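# Descriptive structure summary
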Amino acid sequence: MPERLAGVEPITCLTAAEKRTLNQIRANSYCHLFAFVEEYIVPMVMANATRDVFGDETRLWSLLRFAEEEVKHQEMMRRACDLFATGFGSECGLVPGREAVAEAVLGTSPLTALLLTSMIEWFVQLHFVEHMRDNQELDPLFRDILRYHWIDEARHAKLDTLLIDEVASSLAPTARETAIDELLQLGMAIDGLLAQQLELDIEALEHATSRNFTAAEKDEIRDAQRRAYRWTFIVSGLEHPRFTEIVDAVTLEGRDKIDAAAQALAA
Ligand SMILES: [Fe+2]
Ligand SMILES: [Fe+2]
């Protein structure tokens, strides 16, 4: 994993080799969490596609392909995790409950789910282009997996922007503002999920390094990793200039709300 995402270097209680092991654990959870959070995108895109099934054929074709690509991404990320499990040497726990998260997202307004998707698509691009594409230190297969994810997500981000315009234009201004509140609630739920994964990572690191961390050492690892997880999966999306432009275009107060949330989570 690129250090900007992994955030292992500042942890003083780990040796260089242990930091590398934690970095690898994080690469595995990165793949898992994508397979995990993207679960809801397939039914969400299908619902948008079938809303106008006898209308614009290019729209229908693009959205069906979008959904199909997300199924492919989940399979690709799952295979990456399987490969990691066979090669890493000790077990690494991964958060369960994919369907429950998908249900929670699909239970929000259609605009909320689209905004969450857009945020994910923009941070996928930022992670790859700025931190992975030219990073020669990364495992070539890991970089390739993220390259193929990025290629599709770059297209999805454009389709999603069109869908957001379509859905937002049918909503009253108050409903659009509410979508931002719901988005930030989902962000908090994702933060809870990341906190669970972080505890599993600490256990996995103990197994892999045959160490028993003291409470103070665990606190140090937890602090650094909470910041790194939050930046990777939430803040880098909330702060993304293309995402904030989209929020600005459909709401009046949304930009200020997401700026404040990003600042609070980055602290
Ligand atoms: Fe995807
Ligand atoms: Fe996507």
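The rules we used
Residues numbered from 1 in each chain as written. Chains lettered and ligands numbered in written order. Predicted model: local features only at pLDDT ≥ 70, side-chain atom pairs only at ≥ 80, totals over all residues. Heavy atoms only, no water. Helix = DSSP H or I, 4+ residues; strand = E, 2+ residues; numbered from the N terminus. Buried < 20%, exposed > 50% of the residue type's maximum accessible area, 1.4 Å probe, protein only. Contact = heavy atoms within 4.5 Å. Areas by Shrake-Rupley, 256 points an atom, 1.4 Å probe, with all protein chains shown as cover. Lys, Arg positive; Asp, Glu negative; His and termini not counted. Charge placed at Lys NZ, Arg CZ, Asp CG, Glu CD. Donors = N, O, S within 2.8 Å, 3.2 Å for Na, K, Ca; no water. Tetrahedral: all angles 85-135°; square planar, octahedral: opposite > 155°, others 65-115°. Phe/Tyr/Trp six-rings, centres within 6.5 Å; stacked < 30°, edge-to-face > 60°. Lys NZ or Arg CZ within 6 Å of the ring centre and 35° of its normal. Core = buried A, V, L, I, M, F, W, Y, C linked by side-chain atoms within 4.5 Å. Arc of directions from axis to C-beta. Axes fitted to C-alpha atoms, helices over the stretch in contact; angles between N-to-C directions. Parallel < 35°, antiparallel > 145°, perpendicular 65-115°, else oblique. Left-handed = near helix turned anticlockwise from the far one by under 90°. Salt bridge = Lys/Arg side-chain N within 4 Å of Asp/Glu carboxyl O. Disulfide = S-S within 2.5 Å.

Moving on, we come to the overall build of the chain. In terms of regular secondary structure, the chain is built from 11 helices and zero strands. Ordered by position in the sequence, the α and β elements of the chain form the string α-α-α-α-α-α-α-α-α-α-α. Based on the C-alpha atoms only, the size of the chain along its principal axes is roughly 60 × 35 × 35 Å. Burial analysis of the chain (267 residues in total) assigns 53% to the buried set. In the chain, the share of contacts with a sequence separation of at least 24, taken over all contacts with a separation of at least 6, comes to 81%. Accessible area of the chain: about 12,600 Å², with a carbon and sulfur share of 55%. The chain carries 26 positive and 45 negative side-chain charges, and their two centres are separated by 3 Å.

Here we come to the coordination of the iron ion (ligand 2). Protein-derived ligands of the iron ion (ligand 2) are E70 (OE), E153 (OE), E153 (OE) and H156 (ND1), with the metal-ligand distances lying across 1.8 to 2.5 Å. Angles of 55 to 153° at the metal separate the four donor atoms of the iron ion (ligand 2), which places the site in the irregular class. Counting along the primary sequence, the residues that act as donors to the iron ion (ligand 2) give the motif E-x82-E-x2-H. In this structure, the iron ion (ligand 2) is positioned 3.4 Å from the iron ion (ligand 1), and both are ligated by E70. Highlighted residues: E70 in helix α4 (residues 57-88) and H156 in helix α7 (residues 140-169), separated in sequence by 86 residues.

Attention shifts here to the packing of aromatic side chains. Counting across every chain of the model gives eight aromatic pairs. With 4.9 Å between their ring centres and 25° between their planes, F128 and W150 make a pair best called stacked. Of the two residues, F128 sits in helix α6 (residues 110-131) while W150 sits in helix α7, which places them 22 residues apart along the sequence. Judged by relative accessible area, W150 falls into the buried class, the value being 18%. One Lys or Arg, R4, reaches over the ring of W231 and ends 3.9 Å from the middle of that ring.

If you look at the biggest cluster of nonpolar residues, it comprises 90 residues, and the most contacted ones within it are L115 and L238. Ignoring any residue separated from it by four or fewer positions in sequence, one finds L238 in contact with M119, L184, F243, T244, I258, A261, A262 and L265.

Our focus in this paragraph is helix α10 (residues 241-250). Since the α-helix turns once every 3.6 residues, residues separated by three or four places project in the same direction. Where α10 is concerned, the buried positions are F243, T244, I246, V247 and V250. Projection of α10 onto a plane perpendicular to its axis shows the buried side chains occupying an angular sector of 155°, all on one side. Exposed and oriented more than 90 degrees from the buried face of α10 are P241 and A249. Buried residues along α10 sit in contact with α6, α7, α8 (173-209), α9 (215-238) and α11 (254-266).

Looking now at the packing of α8 against α11. It is the contact of α8 with α11, at a shortest axis distance of 9 Å, that shows an interaxial angle of 15°. In terms of orientation, α8 lies roughly parallel with respect to α11. Seen from above, α8 lies across α11 with right-handed handedness. Across the interface between the two elements, E177, I180, D181, L184, M188 and D191 from α8 touch G254, K257, I258, A261 and L265 from α11.

The protein atoms that coordinate the iron ion (ligand 1) are E38 (OE), E38 (OE), E70 (OE), H73 (ND1), H149 (NE2) and E153 (OE), at distances spanning 2.0 to 2.8 Å. Around the iron ion (ligand 1) sit six donor atoms; with metal-centred angles ranging over 56 to 165°, the donor geometry is irregular. We note that the donor set of the iron ion (ligand 1) lies within a single chain, spaced as E-x31-E-x2-H-x75-H-x3-E.

For E38, the position within the fold is in the loop between α2 (16-37) and α3 (41-50). Despite being buried, E38 has no salt bridge partner; R78 is the closest side chain of opposite charge, sitting 9.7 Å away. Those residues in contact with E38 that lie beyond four places of it in its chain are E70, H73, Q74, I120, H149 and E153.

Turning our attention to the side chain of T117. Residue placement: T117 occurs in helix α6. With residues up to four places along the chain from it excluded, the contact list for T117 reads Y40, I41, M44 and D160.

Here the focus is the environment of R222. Inspection of the secondary structure puts R222 in helix α9. Spatially, the C-alpha atoms of R222 and I11 are 9.5 Å apart, while their sequence positions differ by 211 residues. Non-local contacts of R222, meaning those with residues more than four positions away in its chain, are made with L198, E199 and I202.

We now examine the state of the cysteines. Applying the stated criterion to the full structure yields zero disulfides. No disulfide involves C13; its nearest neighbouring cysteine sulfur is the one of C92, lying 17 Å away. The class for C13 is buried, based on a relative accessible area of 15%. No disulfide involves C81; its sulfur sits 5.4 Å from the nearest other cysteine sulfur, which is in C31. Residue classification places C81 among the buried positions, given a relative accessible area of 11%.

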